[in-house]
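Survey of secondary and tertiary structure
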Amino acid sequence: DVKVTQSSRYLVKRTGEKVFLECVQDMDHENMFWYRQDPGLGLRLIYFSYDVKMKEKGDIPEGYSVSREKKERFSLILESASTNQTSMYLCASRGGARYTFGSGTRLTVV
Amino acid sequence: KQEVTQIPAALSVPEGENLVLNCSFTDSAIYNLQWFRQDPGKGLTSLLLIQSSQREQTSGRLNASLDKSSGRSTLYIAASQPGDSATYLCAVKDNAGNMLTFGGGTRLMVKP
């Protein structure tokens, strides 16, 4: 089975900090995604990548950037964290038709 | 823009009941539809994937159906168990684009 690993389960950061969320998949998938999940708003796509160094904006890219230097790793970057970025962040990888999600990172910005 | 709706938002049933979760989508030009399970504070686990050309998929006590023309999918859970308690999400992938559009989920509680 494909494994998608997010490096942190819980993070607490201060307003204004630069935050890196890391995601690694082990099946050589080309497509990787970052979502955030908020109560009442569901899952919303932030960014996705369809190949190394390639990226596309999702529905809510503002305040975020991404990096895909290697095929297996897709990083989400909060350039200057704000309290409204407190959320659950989910990474996903797609092989063929099926999406596989990581366990999520719950980020709290104080 | 594709919109996905799940009804009901929450459901509580006694153990042993058969139940149906509903998912509807506004644009029938979908590539596939996927059902996921999410336990509290955890990531998503894929349950069933239905391609647009398929009518249903089955895995154990789970059966998902797809009626693309009417924009509907159902997830049927037979003989529910307390371990089935979770949030169930459906998501569609359109023919165009690379993204999934998610419904808001149905929070299921199965009482012993």
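All of these numbers come straight from a predicted model, not from anything done at the bench.

Rules used throughout
Residues numbered from 1 in each chain as written. Chains lettered and ligands numbered in written order. Predicted model: local features only at pLDDT ≥ 70, side-chain atom pairs only at ≥ 80, totals over all residues. Heavy atoms only, no water. Disulfide = S-S within 2.5 Å. Helix = DSSP H or I, 4+ residues; strand = E, 2+ residues; numbered from the N terminus. Buried < 20%, exposed > 50% of the residue type's maximum accessible area, 1.4 Å probe, protein only. Pairing = 2+ DSSP bridges.

**A word on the state of the cysteines**
This structure, assessed with the given rule, holds two disulfides over all chains. One disulfide in the model links Cys23(A) with Cys91(A); its S-S distance is 1.9 Å. Residues Cys23(A) and Cys91(A) are joined by a disulfide whose S-S torsion is about -75 degrees; by sign, that bridge is left-handed. A residue pair is termed long-range when its members are at least 10 positions apart, and Cys23(A) in strand S3 (residues 19-25) and Cys91(A) in strand S9 (residues 87-95) qualify at 68 residues. One disulfide bridge connects Cys23(B) with Cys90(B), the sulfur atoms lying 1.9 Å from each other. Taking the sign of the torsion about the S-S bond as the criterion, the disulfide between Cys23(B) and Cys90(B), at about 70 degrees, is right-handed. On the criterion of sequence distance, the pair formed by Cys23(B) in strand S3 (residues 19-25) and Cys90(B) in strand S9 (residues 86-94) is long-range, its members being 67 residues apart. Of the two residues, Cys23(B) and Cys90(B), both sit in the buried class.

**A closer look at the pairing of strand S4 (residues 31-38) of chain A**
Walk down a regular strand and you will see the side chains alternate between the two sheet faces. Residues and elements named next belong to chain A. The buried fraction of S4 amounts to eight of the eight residues, a majority that puts the element mostly inside the structure. Here S4 shows two buried faces, one formed by Asn31, Phe33, Tyr35 and Gln37 and the other by Met32, Trp34, Arg36 and Asp38. Across seven bridges, S4 lies against S9 in antiparallel orientation. The partner of Arg36 across the bridge, within S9, is Tyr89. Linking S4 back to strand S5 (residues 42-51) in an antiparallel pair, the connection comprises three residues, with Gly40 at a positive phi of about 80 degrees.

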